[in-house]
Amino acid sequence: MPRPSLFRHLRDILLLPFTVTVIVPYLIINSTDHFIPDTLFLKIFAILFALTGVALLFYTITLFGLFGNGTLAPWDPTQKLVVLGPYRYVRNPMISGVFFILIGETLFFHSTSIAIWAVLFFFINTTYFILVEEPSLEDRFGDEYRQYKKHVGRWIPRVTPYKS
């Protein structure tokens with residue numbers, strides 16, 4: 001199967017992580033919502049944390065396109081199980097990247113509204129993975145995925161890289 005087009009990747013990025021990290025925070029941020037301190041150190045830390053999330057997000061999207069022959073979207077899934085880069089340590093580094101971006105925004109804008117959205121996003125994804133994505137991956141990739149799932153945590157990274 002051919003690699004997904006750049007258009008498909010951009011469409012899925014705009015529909016999913018862009019909506020989660022830009023549109024929703026823009027809509028929910030409240031100018032009176034300032035319970036987190038506003039310091040220069042925290043702003044710098046927030047920027048670095050968010051940039052780490054952006055790097056992780058785009059690295060994992062690239063892996064999906066180059067090695068998985070799919071996109072990040074559930075309607076255009078990978079055709080091969082991707083167990084490279086950060087996927088050797090944790091099963092959901094792409095979502096971790098989005099979560100890092102949301103935490104960076106929480107700290108930068110010192111917004112409890114975005115913090116609540118980040119926690120809600122995490123729980124929605126955890127539920128989705130348990131009920132939908134993991135069973136789908138087991139159906140598509142069989143024992144290869146079951147072995148991977150057995151040895152690599154959903155959210156807590158391994159100390160050493162997984163070798164299939």
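Everything that follows concerns the structure shown earlier in this document.
Definitions and limits used
Residues numbered from 1 in each chain as written. Predicted model: local features only at pLDDT ≥ 70, side-chain atom pairs only at ≥ 80, totals over all residues. Heavy atoms only, no water. Salt bridge = Lys/Arg side-chain N within 4 Å of Asp/Glu carboxyl O. Bend = angle between axes of the 7 residues up to and from the residue. Helix = DSSP H or I, 4+ residues; strand = E, 2+ residues; numbered from the N terminus. Buried < 20%, exposed > 50% of the residue type's maximum accessible area, 1.4 Å probe, protein only. Contact = heavy atoms within 4.5 Å. Polar contact = N/O pair within 3.5 Å; in protein donor to acceptor, adjacent residues only side chain to side chain. Phe/Tyr/Trp six-rings, centres within 6.5 Å; stacked < 30°, edge-to-face > 60°. Lys NZ or Arg CZ within 6 Å of the ring centre and 35° of its normal. Core = buried A, V, L, I, M, F, W, Y, C linked by side-chain atoms within 4.5 Å.

Enquirer: Is there a simple way to explain the pattern of salt bridges in this structure?
Expert: Charged atoms that come close allow side chains of opposite charge to pair. A complete count under the given rule lists 10 salt bridges for this structure. Residues participating in the shared-partner salt-bridge network are Arg91, Glu134, Glu138, Asp143, Arg146, Lys149 and Arg154.

Enquirer: Got a minute to help me understand helix α5 (residues 112-141) in this structure?
Expert: Maximal helix bending in α5 amounts to about 50°, located at Phe129. By the burial criterion, the buried members of α5 are Ser113, Ile114, Trp117, Ala118, Phe121, Asn125, Thr126, Phe129, Glu134, Leu137 and Phe141. Against the buried residues of α5 lie α2 (17-28), α4 (93-108) and α6 (143-151). With a side-chain oxygen positioned 3.3 Å from the backbone nitrogen of Ser113, the residue opening α5 is Ser111. One or two positions beyond α5, positive phi appears at Gly142, with a value near 60°.

Enquirer: Which parts of the structure should I look at to understand the packing of aromatic side chains?
Expert: We describe a pair of aromatic rings using the distance from one ring centre to the other and the angle between the two ring planes. This model, assessed by the stated rule, comprises 13 aromatic pairs. A centroid spacing of 5.8 Å and a plane angle of 50° characterise the contact between Phe99 and Phe122, whose relative ring orientation is tilted. Here Phe99 is found in helix α4, whereas its partner Phe122 is found in helix α5, with 23 residues between them in sequence. Here Phe99 falls in the partly exposed class, since its relative accessible area comes to 23%. Take Phe122: its relative accessible area is 24%, and that puts it in the partly exposed class. Ring geometry for Phe122 and Phe123: centres 5.5 Å apart, planes at 80°, overall edge-to-face. One aromatic cluster in this structure is built from Phe99, Phe122, Phe123, Tyr128, Phe129 and Trp155. Geometry around Phe108 places Lys43 over its ring, the cationic atom sitting 4.2 Å from the centre.

Enquirer: What should I look at first to understand the nonpolar core in this one?
Expert: In summary, soluble globular proteins display a tendency toward joint burial of nonpolar side chains. Judged by nonpolar contacts, the single largest core of 28 residues is most densely connected at Tyr87, Met94, Leu102, Phe121 and Tyr148. Every element with two or more residues in this core is listed here: α2, α3 (40-67), α4, α5 and α6. Among the elements that take part in this core, α5 stands out by supplying seven residues, more than any other. Apart from residues no more than four positions distant in its own chain, Phe121 is found in contact with Val20, Ile95, Val98, Phe99 and Leu102.

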